[in-house]
Amino acid sequence: MAAAAARRDAASASSVGAWELRHLHLSLRVAFAAAGAGRLRGTARLELRCARAGAGPLRLDAHPSLAVHRAALLPPPGTPPGTPPGEPLPVESRPFASYGRALHVALPGPLSAGQLLTLEIDYEAGEGPGVCWLTPEQTAGKQKPYMYTQGQAVLNRSFFPGFDTPSVKCTYSATVQVPEGFTAVMSATSWEKQDNNTFVFKMSQPIPSYLIALAVGDIVSAEVGPRSHVWAEPCLIEAAKKEYDGVIEEFLAVGEKLFGPYVWGRYDILFMPPSFPFGGMENPCLTFVTPCLLAGDRSLVDVIIHEISHSWFGNLVTNATWGEFWLNEGFTMYAQRRISTEVYGAWPCPATGCRVPVCGHAIADRTCAGPGSVCCGSVHPSKCCVWGRSLPCILEEVKSSSLQRPGGFVLQQNCLCSERWMELPQTRARDVGAAILPSLTFLLLLQLPRGADPGWPELPSGHTVTSSSSGSAYTCLEAATGRALLRQHMDNTGEDHPLNKLRVIIEPGVNPDDTYNETPYEKGYCFVSYLAHLVGNQSKFDTFLQAYVNRFKFQSITADDALGFFLEYFPKLKEKGVDSIPGFEFDRWLNTPGWPPFLPDLSPGEQLMKPADELAELWVADGLNMEAIEAVDITVWRTYQLVYFLDQVLQKSPLPEGNVERLSKMYPKISKAQNAELRLRWCQIVLKNNLEAEYSKVKDFLHSQIFWFPRECADRRYN
């Protein structure tokens, strides 16, 4: 019964099942008002196919704020141009729920299965919850008004009448006329400006209605990659370009390597005005994000990885109902952390910011080979910290720096970034390179003639490869913060709360927005991690995820579909009955509220938490040990490690008198940061310690981050 309920979308009044929506076209005119909400006027044209003979009146999702003026059938294909629409059809708006109405359209009958119809609806919108209007004062430039739409979960029924359910996908197109001096952008694969300040859009891939998004304002763009632009108000565009130039393509390339082709063509980012109340929304081709991500030092660029991950999980493979939102978010959290682990599996070079592999296999001297040289496996156009030695010299240093230890072969890594040790498995070094070294040394080893021996000693084989990179450590630290949020949520609601299960039965009349919480994100992540644990091989599970995306792309599915495919893909696991292991039954994961029965190992993150904990303890002491404090270099700490450190300081505040002042002077990277995550926590520390000298920073932060939410709230609210 639970599985059957999961297929019904109680949040939609539309005639799902009786009608197939083949294409949607919007023709709109945008008018700003002197004050308050403006208006959208135009038509919605729905190309329909009757799926069931004798289908009754067509029901569409609408909203009390949406005024329908007329509905009529357009002439069938082949009719001479200029033929007027048919006679108006009877239309009635009926009560449905607090968040929407049911629009009943009486169609002429009788209707046969497969019959094609094109319905055109003249309407007007503007005051609904999905259409947001900003005054000039609410924008970054303070000169012109701005409007945008927000569809998830059930808000786009106030933008246009249609099938407002994730179970229905269709292509769409739009023409949007806006006032002079304004630009329109949409979540579409193509964009074109025509006469009369009219913009033409086309989405060639089928998407659910909640992903159709529009923004109109004083907006300009800049290229930041071969398939990416950033869009923003003119006063923000240079900062956006500087922050994201070259960044997005790397994330997309890693995502494609892990999950398959990126099918959406372009990936652009629209930096919204500061009053945008969410962290991000994964509208395909054009992610809407808060300008808080413009930290000035790229310290928050990794936030966009979550939205990029939705390109495969959520946008391409979509939950059929909001009751199984974990199919969007649980898989996306897993994908985000896989990409993060791949991307941040290296330490940044403090001299240049390029990443040096921390696998322990690269020996760097302290020379620079100059512009255009190879560094960390990449070609840089400017000088950087490199291994400017000949192959024989590097191999000789590898040999001389190697020490035999029980259980493995140890290489010492000496580079500008740090000095670290790592054990390698007891196997031939060439085999190790082939298995786990995406580094310069591996590339150099490949240059050896086939069969040549670099001179390393033979090592016994048979040991399992185990390694922990800074990437996995950093990702684990980020995941640990997510787990803490889940723990906090379940402590607040009680573990047995019905929303604390992955398959939530949304009763008629209940707004899906009211069911959102950490559970689909973090418990969903734990379930996907458990599936990976059952497979027992990361490469095989990555391959499964590619197959999963390929199997269900452009479809809306249920958990039964996803888990059925998992067992089909791994028949040996199905034979073992992994879906019914006591305590870990798939049914329990889906239908029983409570704490996840399986938690992925996040212990690698402790290597980043421990120094942050120790440094926090030094700063809360009555007598500051400055020698110990100065010995800790936080310049290489990334955002989550700094956030963790500040959280510990905040928990232990107020500090002894004078400590916070010295901390502020010691770490301008924190006290003068533009990173909103750091600024929030620093302002909290300032207030909790009554540091009046820095109250002005609190005031500035509040003025600059209108309606801003911390990341753990904002990027989870709608994405």
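Residues numbered from 1 in each chain as written. Predicted model: local features only at pLDDT ≥ 70, side-chain atom pairs only at ≥ 80, totals over all residues. Heavy atoms only, no water.

A. Examining the overall build of the protein chain more closely. If you tally the helices and strands in the protein chain, you get 22 helices and 28 strands. Classification of the 719 residues of the protein chain by burial places 57% in the buried group. For the protein chain, the share of sequence-separated contacts (at least 6 apart) that also reach a separation of at least 24 residues comes to 71%. Total accessible area computed for the protein chain in this model is approximately 29400 Å², and 53% of it derives from carbon and sulfur atoms. (Helix = DSSP H or I, 4+ residues; strand = E, 2+ residues; numbered from the N terminus. Buried < 20%, exposed > 50% of the residue type's maximum accessible area, 1.4 Å probe, protein only. Contact = heavy atoms within 4.5 Å. Areas by Shrake-Rupley, 256 points an atom, 1.4 Å probe, with all protein chains shown as cover.)

B. Structural view of helix α20 (residues 676-688). Between the first and last C-alpha of α20 there are 18 Å, a value that for 13 residues agrees with the 18 Å anticipated at 1.5 Å per step. Among the residues making up α20, those that are buried are A676, E677, L678, R679, L680, R681, W682, C683, I685 and V686. Backbone nitrogen of E677 and a side-chain oxygen of the N-cap are separated by 2.8 Å at the start of α20; the cap is N675. With its phi angle positive at about 50°, N690 sits one or two positions after the end of α20. (Expected span 1.5 Å × (residues − 1). Polar contact = N/O pair within 3.5 Å; in protein donor to acceptor, adjacent residues only side chain to side chain.)

C. Structural context of the nonpolar core. Ranked by size, the top nonpolar core spans 158 residues in total, and within it W19, Y244, Y548 and F566 carry the most contacts. Ignoring any residue separated from it by four or fewer positions in sequence, one finds W19 in contact with L48, R49, C50, A51, A55, G56, L58, L107, L111, L117 and F163. Counting 39 residues, the second-largest nonpolar core is a separate cluster that includes A616, W619, W637 and I670. (Core = buried A, V, L, I, M, F, W, Y, C linked by side-chain atoms within 4.5 Å.)

D. Structural detail: the sheet that holds strand β6 (residues 100-105). The strand order β3-β6-β5 describes an open sheet built from three strands, whose pairing is antiparallel. The open sheet has two free edges, formed respectively by β3 (58-62) and β5 (91-97), since each of these has just one partner strand. Strand-to-strand twist across the sheet, computed as the mean angle between neighbouring axes with direction ignored, equals 30°. Inspection of the sheet shows β3 paired to β6 by five bridges, in the antiparallel sense. What sits directly across from A62, in β6, is R101. (Pairing = 2+ DSSP bridges. Axes fitted to C-alpha atoms, helices over the stretch in contact; angles between N-to-C directions.)

E. Local environment of the sheet that holds strand β12 (residues 190-194). Here we have seven strands laid out as an open sheet, ordered β4-β7-β2-β1-β10-β13-β12, and mixed in their pairing. Strands at the two margins of the open sheet, each flanked by one partner only, are β4 (67-73) and β12. Between one strand axis and the next, the sheet turns by 15° as a mean value, whatever way the strands run. The pairing of strand β10 (residues 169-177) with strand β13 (residues 198-208) spans eight bridges and is antiparallel. Paired with A174 across the strands is F201, a residue of β13.

F. Representation of the side chain of D542 in the model. Relative to the assigned elements, D542 resides in helix α11 (residues 538-552). There is a polar contact of 2.6 Å between the side chain of D542 and the side chain of R338. Beyond its immediate stretch of four places on either side in the chain, D542 contacts L258 and R338.

G. Structural detail: the pattern of salt bridges. On inspection of all chains with the given rule, the structure shows 24 salt bridges. The partner of E20 in a salt bridge is R49, with the nearest N and O atoms 3.6 Å apart. Taken together, the residues span a long stretch of sequence, with E20 in strand β1 (residues 19-31) and R49 in strand β2 (residues 39-50) at a distance of 29 residues. Judged by its relative accessible area of 37%, E20 falls in the partly exposed class. Between E677 and R681 there is a salt bridge, with the nearest N and O atoms lying 3.0 Å from each other. Of the two residues, E677 and R681 are both situated in helix α20; the distance of four residues between them amounts to about one turn of the helix. The same class applies to E677 as to R681, namely buried. (Salt bridge = Lys/Arg side-chain N within 4 Å of Asp/Glu carboxyl O.)

H. Structural context of the packing of helix α17 (residues 639-652) against α20. At a closest axis distance of 10 Å, the pairing of α17 and α20 adopts a crossing angle of 15°. With respect to their mutual orientation, α17 and α20 come out roughly parallel. Remark: the crossing between α17 and α20 carries left-handed chirality. Residue-level contacts link T639, L642, V643, L646, D647, V649 and L650 of α17 to E677, L678, R681, Q684, I685 and K688 of α20. (Parallel < 35°, antiparallel > 145°, perpendicular 65-115°, else oblique. Left-handed = near helix turned anticlockwise from the far one by under 90°.)

I. Representation of the environment of A55 in the model. Mapped onto the elements of the fold, A55 is located in the loop between β2 and β3. Sequence separation of A55 and S15 is 40 residues, and the distance between their C-alpha atoms is 9.1 Å. Setting aside its immediate chain neighbours within four residues, A55 contacts A18, W19, C50 and L111.

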